[in-house]
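Topology and contacts: notes
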Amino acid sequence: MSKITEVAELVEKGKAKLVGPAVQAALDEGCDPMDILNHGMIDTMTIVGEKFKNGEIFVPEMLVAARAMKKGVEVLKPHLASGSTGANGKVIIATVSGDLHDIGKNLVAMMIESAGFEVVDLGVDVSTDKVIEAYKENPDTKIICLSALLTTTMPAMKATVTALNESDFRSNIKVMVGGAPITQEFADEIGADGYSEDAASAASLAKRLAAA
Ligand code: B1M
C-alpha cells in the first residue's frame, strides 16, 4: 500500500493519532506535500461526504474524519506554507454564520498566509456584526474572505456581503468568497469581488485583488 493510500485510509477511519505519523512517513519517503493533501486528505473527505449523503455513515464518523484530517494538515503545514511576511497586507477570514465547517477555510487561510498576507482568522459561525467589528479593529485590512460549505448558509454569506457592500468602508476592501456550494455566478450575484474554487487559487486571487 502506498503511503498516500495509507494516509487516506487513516483519515477515512478517523484515526487521528495515526494520521500525523503516516503523513510524516509519506513526506520522508519523498511524496509531494500537495499530493498528500489532495489525494490523501481532500479526496478522502469527498468520499466521506458521499458516504454521509448515501446514509452509509453519520455525523460522528464525519467528525472523526475531519479531526484526523486536521492532525494530518498540522504535520503538512510547514511543507505547504512557505513562510509568511505579511508584506502583502492584512486579510480577515471567516466561515459564515450558522456554518461550522472550517477545514477548507483553514487551508485557504494557510495558503493566503504563505502568499505573504497577515491573516486574522475569526473562526466558524461568524455573524455579519463580528466581521464588521473585526474590520473596525483592523482598518488596514485589504481583503475580507468568507467561506460557506452548506447550501443553507449561502444566504448568510449573501447577508454579510450585502452588509459589507453597504458599509462606508467598502471602497477600502475587496471581498472574496468560496466553499463547495459557491460558484462564480453566486459570487457575482451577491456582489463579491472574487471567487475561487480551492485554496491554491484563493491565494493567487488574493494577490491579484490586493494589487488591483
Ligand atoms: Co458537513 N456537510 N455537515 N460536516 N461535511 C458537507 C458540506 C456535505 C456536502 C456532506 C454531504 O451531504 N455530502 C453536506 C452539505 C450539503 C448541502 O449543504 N447541500 C453537509 C452537511 C449536511 C452537514 C450537517 C448539516 C450534517 C448534520 O448535522 N445533519 C452538519 C452542519 C453543521 C453546521 O455547519 N452547522 C455538518 C457537520 C459536519 C461536521 C462538523 C461533522 C464536519 C466538519 C468539521 C470541520 O470542518 N471542522 C463535516 C464535514 C467534515 C463535511 C464534509 C464530509 C467534508 C468537508 C471538508 O472539510 N472538505 C463535507 C462533504 C464534502 O465536502 N464533500 C460535508 C475538505 C475541504 C478541504 O474542502 O471545505 O470544500 P472544502 O474547502 C475547499 C474549497 O471549498 C475551497 O477551498 C478549500 C480547499 O481546497 N474553499 C474556499 C473553502 N472555503 C473557501 C473560501 C475561499 C475560497 C475557496 O475564499 C474566501
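Structure's up top.
Residues numbered from 1 in each chain as written. Predicted model: local features only at pLDDT ≥ 70, side-chain atom pairs only at ≥ 80, totals over all residues. Heavy atoms only, no water.

1. Points about the sheet that holds strand β4 (residues 174-178)
Taken together, five strands build an open sheet; the order of strands is β2-β1-β3-β4-β5 and the sheet is parallel. Each edge of the open sheet carries a strand with a single partner, namely β2 (117-121) and β5 (194-195). Relative to strand β3 (residues 141-147), strand β1 (residues 89-95) runs parallel, the two being bridged by six bridges. Counted as the bridge partner of A94 is L146 from β3. Contacts from helix α5 (residues 103-114) reach β1, β2, β3 and β4, with the element oriented near 155 degrees to β2. Those strands touched by helix α6 (residues 128-137) are β1 and β3, and its axis lies near 160 degrees from that of β3. (Pairing = 2+ DSSP bridges. Helix = DSSP H or I, 4+ residues; strand = E, 2+ residues; numbered from the N terminus. Contact = heavy atoms within 4.5 Å. Axes fitted to C-alpha atoms, helices over the stretch in contact; angles between N-to-C directions.)

2. Some thoughts on the site of the ligand
Lining the immediate environment of the ligand, one finds 36 residues, of which L100, H101, D102, S147 and T151 sit closest. H101 is positioned such that a nitrogen or oxygen atom in its side chain is 2.8 Å from a nitrogen atom of the ligand. A199 is positioned with one of its backbone polar atoms (N or O) 3.2 Å from an oxygen atom of the ligand. When atoms are counted within 2 Å of each cavity's grid points, the one that captures over half of the ligand is the largest pocket. (Near = heavy atom within 4 Å. Polar contact = N/O pair within 3.5 Å; in protein donor to acceptor, adjacent residues only side chain to side chain. 1 Å grid on protein atoms, 1.4 Å probe; cavity = no way out; pocket = protein on both sides within 12 Å on 5 of 7 lines; lining within 4 Å. Sits in = over half its atoms within 2 Å of the grid points.)

3. Some points on the nonpolar core
With 40 residues, the main nonpolar core has I36, M41, I112 and M176 as its most contacted residues. No other element matches the seven residues that α5 contributes to this core. Setting aside residues up to four positions removed in sequence, I112 forms contacts with V91, F117, V119, C145, M176, A202, A203 and A206. V126, M157, A192 and Y195 belong to the second-largest nonpolar core, a separate cluster that totals 27 residues. (Core = buried A, V, L, I, M, F, W, Y, C linked by side-chain atoms within 4.5 Å. Buried < 20%, exposed > 50% of the residue type's maximum accessible area, 1.4 Å probe, protein only.)

4. Description of the pairing of β3
β3 sits mainly inside the fold: six of its seven residues count as buried. Taken together, the five bridges between β3 and β4 define a ladder with parallel strand orientation. Note on β4: the bridge partner recorded for I144 is V175.

5. Observations regarding the coordination of the cobalt atom of the ligand
Looking at the cobalt atom of the ligand, one finds just one donor atom contributed by the protein, H101 (NE2), at 2.2 Å. One can find H101 in the loop between β1 and α5. (Donors = N, O, S within 2.8 Å, 3.2 Å for Na, K, Ca; no water.)

6. Quick look at the layout of surface pockets
Here the largest pocket is characterised by a volume of approximately 1600 Å³. Forming the walls of the largest pocket are 46 residues, and the residues nearest its centre are H101, I103, G104, L149 and A180. Only α3 (33-53), α4 (59-80), α5, β3, β4 and α9 (199-211) provide two or more residues apiece to the lining of the largest pocket. Ranked by residue count, the leading element in the lining of the largest pocket is α3, at eleven residues. For the second largest pocket, the calculated volume is near 240 Å³. For the second largest pocket, the full set of lining residues is K70, V73, E74, K77, I103, N106, L107, A109, M110, E113, V119 and D121. Counting residues per element, the ones that place at least two in the lining of the second largest pocket are α4, α5 and β2. Among the elements that make up the lining of the second largest pocket, the one with the highest residue count is α5 (six residues). Here the residues of the lining of the second largest pocket are counted per class, giving six nonpolar, one polar and five charged. (Points joined across faces, edges and corners; volume = space filled by probe spheres on them. Nonpolar A, V, L, I, M, F, W, Y, C, P; charged D, E, K, R; others polar.)

On their own, these measurements won't tell you what the molecule is for.
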